[in-house]
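# Residue-level structural notes
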Amino acid sequence: MRGILVDWLVAVAEECKLVCDTLYLTVNYIDRFLPLKALNKEKLQLLGIASMFIAFFCPVIAMSRKYKEITPPKVEDLWCLTDNTYTKHEVVKMESDILNTLKFELDNPTVKTFLISFIQLSGDLQGLHRRIANRDKLAGLCVKILPSLVAASVIFVRRYILRPKKHPWNAILQQHTRYKPGDLEDCVLIIHDLHLSGLHAVREKYKQHKCAFTTEIPAAAFEDVRE
C-alpha cells in the first residue's frame, strides 16, 4: 500500500511539475511518520498530500524552489487531486499532525543528499541516477536502509547498466562512500528488482530510456575492488 501511495505521488509530482526535492522529502516524511503514529488505510492518501505540501514549503530549500517551481501549489490544488475525498480542513489537520509528530524536524538527509555527492565521485551524468533513484522510493524494504547506502547502491546500479563488463565499484568510491561492494549487495538487488517491475507511474515515466537491465547482476560484481 505504501508502494501504491508513492507511485501515485510520483504521478502527482509530474502533474504539478514539482522539483525532485519535493518528492524525496515527501516520502521521507511519510516513512518517518508511519512508524510513530497509527493511521487508518483510508487516510494514507491524505498523509501523502499533506506531506507533499509540507515538503514544498520546507524552509531549508524554499528559497531555491522559488526559482525552480513554476507555480507554487496551494492546499486546494493538492486537495483536488484526491477527487475531493478529503476536506480542506482534513488536509490542514493532517499537516499539523505530521509536523507535531516529526517535531518540526524537516531537514533530514534523503537519498538525493548523498546522491549529489556520490555522483561527483562517480564522474557520470546525473540523468539515469535520478531515474533509478526514483524507483527505490517504491520499496518498503528501503525504509530500513540508510539513505547513504541507497544512494551508493544507485551509483553501483547505474555504473553496471552502462558498463556491465566492468566492475561497477572502484577504490575512490569505496573510500569516500565507506561502502564495499559486498555492503551494497542486498540494496542493489532490491533496486534491480524494482527497475524490472516498477509500478505504473514510474514505469511510464522512464520506459523510453534506452538503458535497461537485461541480465542478472553477477556475484562477481560484489567482490572487493583492488586498491
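Rules used in this analysis
Residues numbered from 1 in each chain as written. Predicted model: local features only at pLDDT ≥ 70, side-chain atom pairs only at ≥ 80, totals over all residues. Heavy atoms only, no water. UniProt positions renumbered as here; feature names shortened; annotations may be inferred. Axes fitted to C-alpha atoms, helices over the stretch in contact; angles between N-to-C directions. Helix = DSSP H or I, 4+ residues; strand = E, 2+ residues; numbered from the N terminus. Parallel < 35°, antiparallel > 145°, perpendicular 65-115°, else oblique. Left-handed = near helix turned anticlockwise from the far one by under 90°. Contact = heavy atoms within 4.5 Å. Nonpolar A, V, L, I, M, F, W, Y, C, P; charged D, E, K, R; others polar. Core = buried A, V, L, I, M, F, W, Y, C linked by side-chain atoms within 4.5 Å. Buried < 20%, exposed > 50% of the residue type's maximum accessible area, 1.4 Å probe, protein only.

As recorded in an unreviewed UniProt entry, the chain goes by the name B-like cyclin, listed as coming from Erythroxylum novogranatense. Checking UniProt for the chain, the heading Sequence similarities (unreviewed entry) contains the comment "Belongs to the cyclin family. Cyclin AB subfamily." Under the UniProt heading Subunit (unreviewed entry), the entry covering the chain gives this text: "Interacts with the CDC2 protein kinase to form a serine/threonine kinase holoenzyme complex also known as maturation promoting factor (MPF). The cyclin subunit imparts substrate specificity to the complex."

## Quick notes on the packing of helix H7 (residues 111-122) against helix H9 (residues 147-162)
Put simply, H7 and H9 touch, their axes get as near as 8 Å, and they point 40° apart. In terms of orientation, H7 lies oblique with respect to H9. Between H7 and H9 lies a crossing of right-handed hand. Counted together, Val111, Phe114, Leu115, Phe118, Ile119 and Ser122 of H7 and Pro147, Ser148, Val150, Ala151, Ala152, Val154, Ile155 and Arg159 of H9 form the full contact between these two elements. Here the contact of H7 with H9 is built from residues that sort into 11 nonpolar, two polar and one charged.

## Topic: the nonpolar core
Looking at soluble globular proteins, one finds that nonpolar side chains tend to be buried together. In terms of nonpolar packing, the biggest core is built from 29 residues, with Leu115, Val150, Ile155, Phe156, Trp169, Leu184 and Val188 touching the most fellow members. Going through the elements one at a time, H7, H9 and helix H11 (181-197) are the ones with two or more residues in this core. When residues in this core are grouped by element, the largest group, 10 residues, is from H9. Counting 27 residues, the second largest nonpolar core, distinct from the first, contains Leu9, Val12, Phe33 and Val91.

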